Amino acid sequence: MPDFDIFTEANRRDMDDLKRMIMECGERIEIPRNGYFVQAGDYCGAVGYICHGSFKCGRTDCRGKERILAFMFEGEFIADYLPARNATPAVIDMRAMEDSVVYRISIADHRDFFEREIDGCVYVRRFIEELAFCHMRKSLSLACESPEERYFGLQARVPDIFSRVNLKDIASYIGVTPETLSRMRTAYLRRNGGGDAKY
């Protein structure tokens, strides 16, 4: 399940339509490891679908430390949609963690797909509106869940996370130091006789 999870039963058809349109009409781009889909401060008016690879979303804080906010993997969408919709620069970096392949489309060129008019008013499609809810849910997770809960949630979503993402980025994502994360993982392995959490 993506961090910015826009998959629900109510909008799955919208997401299937979006995936189909991106694959049929989009531009195929190859992004090398550490390359950017979008960089904070740049304008990005595109939505992408990850065919292969993975990305981390983050921002450098006031002390110069990178803060990881989300991970995205193949089969998921990638976009900094809300700033683009408001004609403002991107507020986060979206950087490839491995060599990746993405299909992308311009939001402006496909605005009729993203918006619909009812009684003279323009509404964004359900899955776009849900982005705001997903950001709120992530904020609640950081404020209310323990680091262990966030760790197990990430492990359940991506069982091979430790072979694809470095310890420092995972620690930043769940809000602990790499040393604390290493102790958490070691304690879990000792309790369970080896193997990372799979639920």
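Residues numbered from 1 in each chain as written. Predicted model: local features only at pLDDT ≥ 70, side-chain atom pairs only at ≥ 80, totals over all residues. Heavy atoms only, no water.

Undergrad: For the environment of Glu76, give the residues involved together with the corresponding values.
TA: Mapped onto the elements, Glu76 comes out in the loop between β5 (66-73) and β6 (77-79). Considered as a pair, Glu76 and Gly48 are 28 residues apart in the sequence and their alpha carbons are 8.6 Å apart. There is a polar contact of 3.0 Å between the side chain of Glu76 and the backbone nitrogen of Phe73. (Helix = DSSP H or I, 4+ residues; strand = E, 2+ residues; numbered from the N terminus. Polar contact = N/O pair within 3.5 Å; in protein donor to acceptor, adjacent residues only side chain to side chain.)

Undergrad: Could you give an account of helix α7 (residues 167-174), naming the residues involved and the relevant values?
TA: Extensive coverage of α7 is indicated by the burial of six of its eight residues. Among all positions in α7, only Asp169, Ile170, Ala171, Ser172, Tyr173 and Ile174 are buried. Looking at where α7 begins, the residue whose side-chain oxygen comes 3.1 Å from the main-chain nitrogen of Lys168 is Asn166. Positive backbone phi, at 85°, marks Gly175, one or two positions downstream of α7. (Buried < 20%, exposed > 50% of the residue type's maximum accessible area, 1.4 Å probe, protein only.)

Undergrad: Can you break down the sheet that holds strand β8 (residues 100-106) residue by residue, with the values?
TA: Strand order in the open sheet formed by four strands is β1-β8-β3-β6, and the pairing between neighbours is antiparallel. At either margin of the open sheet sits one strand with a lone partner, and together these are β1 (27-31) and β6. Direction aside, the axes of adjacent strands within the sheet are offset by 35° on average. Sheet analysis places β1 next to β8, joined by five bridges and oriented antiparallel. The residue bridging Glu27 from the neighbouring strand is Arg104, located in β8. (Pairing = 2+ DSSP bridges. Axes fitted to C-alpha atoms, helices over the stretch in contact; angles between N-to-C directions.)

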